[in-house]
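The lines below spell out each chain.
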Amino acid sequence: ELPPGRKPVKTIHRSEAKRTEVIDFIRKQITIGRQVYVVYPLIEESETLDLQNLHDGYGQLLQAFPRPEYQISVVHGRMKAEDKESEMQRFVAKKTQIMVATTVIEVGVNVPNASVMVIENTERFGLSQLHQLRGRVGRGADQSFCILMSSYKLTKEAKKRIQTMCETNDGFKVAEVDLQLRGPGDIEGTRQSGGKEFKLASLVYDQAILSAARAEAIEILTADPKLEKEENLAIRHFIKNDKVYRQNWSLIS
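How each quantity is defined
- Residues numbered from 1 in each chain as written.
- Predicted model: local features only at pLDDT ≥ 70, side-chain atom pairs only at ≥ 80, totals over all residues.
- Heavy atoms only, no water.
- Buried < 20%, exposed > 50% of the residue type's maximum accessible area, 1.4 Å probe, protein only.
- Helix = DSSP H or I, 4+ residues; strand = E, 2+ residues; numbered from the N terminus.
- Pairing = 2+ DSSP bridges.
- Salt bridge = Lys/Arg side-chain N within 4 Å of Asp/Glu carboxyl O.
- Axes fitted to C-alpha atoms, helices over the stretch in contact; angles between N-to-C directions.
- Parallel < 35°, antiparallel > 145°, perpendicular 65-115°, else oblique.
- Contact = heavy atoms within 4.5 Å.
- Nonpolar A, V, L, I, M, F, W, Y, C, P; charged D, E, K, R; others polar.

Student: I would appreciate a short explanation of the pairing of strand E2 (residues 35-39) in the present structure.
Tutor: Side chains on a regular strand alternate between the two faces of the sheet. Of all five residues making up E2, five are buried, and the element is well covered by its neighbours. Side-chain alternation along E2 places Gln35, Tyr37 and Val39 on one buried face and Val36 and Val38 on a second face that is also buried. Pairing of E2 with strand E4 (residues 98-101) involves four bridges; the strand directions are parallel. Pairing of Tyr37 across the sheet is with Met99, part of E4.

Student: Got a minute to help me understand the pattern of salt bridges in this structure?
Tutor: Pairs can form between side chains of opposite charge whenever their charged atoms are close. All chains considered together, the criterion is met by eight salt bridges. Notably, a salt bridge pairs Arg27 with Asp24, separated by 3.2 Å at the nearest N-O pair. With Arg27 and Asp24 both in helix H1 (residues 19-31) and three residues apart, this pair spans about one turn of that helix. Its salt-bridge partner being Arg90, residue Glu87 comes within 2.9 Å of it at the nearest N-O pair. Here Arg90 and Glu87 lie together in helix H3 (residues 81-92), a separation of three residues that amounts to about one turn. Arg90 gets classed as partly exposed once you look at its relative accessible area, which sits at 26%. One continuous salt-bridge network, built from bridges that share partners, spans Glu16, Arg19 and Glu120.

Student: I would appreciate a short explanation of the packing of helix H4 (residues 127-134) against helix H6 (residues 171-182) in the present structure.
Tutor: Working note: a packed helix pair is described by the angle between its axes plus the distance between those axes. Relative to each other, H4 and H6 sit at 160°, their axes nearing to 9 Å. When the interaxial angle is binned, H4 and H6 end up roughly antiparallel. Counting all contacts with H4, which are made through Leu127, His131 and Arg134, the residues of H6 involved are Gly171, Val174, Val177, Asp178 and Leu181. Residues that form the contact of H4 with H6 fall into these classes: four nonpolar, two polar and two charged.

Here it is in structure tokens:
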């Protein structure tokens, strides 16, 4: 839950047609003394292209927010550590009003005066990243905003991710939708998404009975760690003889 005095971040979705309105909103926030993050995706497979995307966006912001009236910081993963830290400190010290960045600011950045998070190309981010980025604002007592910018053409999954972000600030609900969209992965292997589900149960919809089963298993093992009691011999036999349990669990990532 939020610390006392903080307000939930208001999250809205805007397409390119609303770009002028978003710029005007940012300008108003800066006028009243607030600061703004503008985040671009940086995806390993097309790092050069995405870095150019950030530079193009920086150029457009310079036109909308010209110097010396406005100052803009730039931070991305290809910068030297000392340059990155210098740019971040300029923003922390309020020497710049806007920080243009990649997801390097996803964690570890705390600027209570920053009240607006603009995420460009929202459709290219996962729910976990979007929720983490939104957490960079709303860290002060003032009302904060997260603006999700996207193209017109969105996949069904992208629409669901954006809808979820706009409807809730609850990290647990965000995680549930993420599980629905991406799958649970493979608990016995290395896959972090997709993967086979149980034959009958659903990790998303059967949480109550799965939690009850887990609590029952913990209770049994607490009372009988080696499963030596007569009532637990069948469980012991199953674990000892079923091939699933004969693998080397230390090899699992």
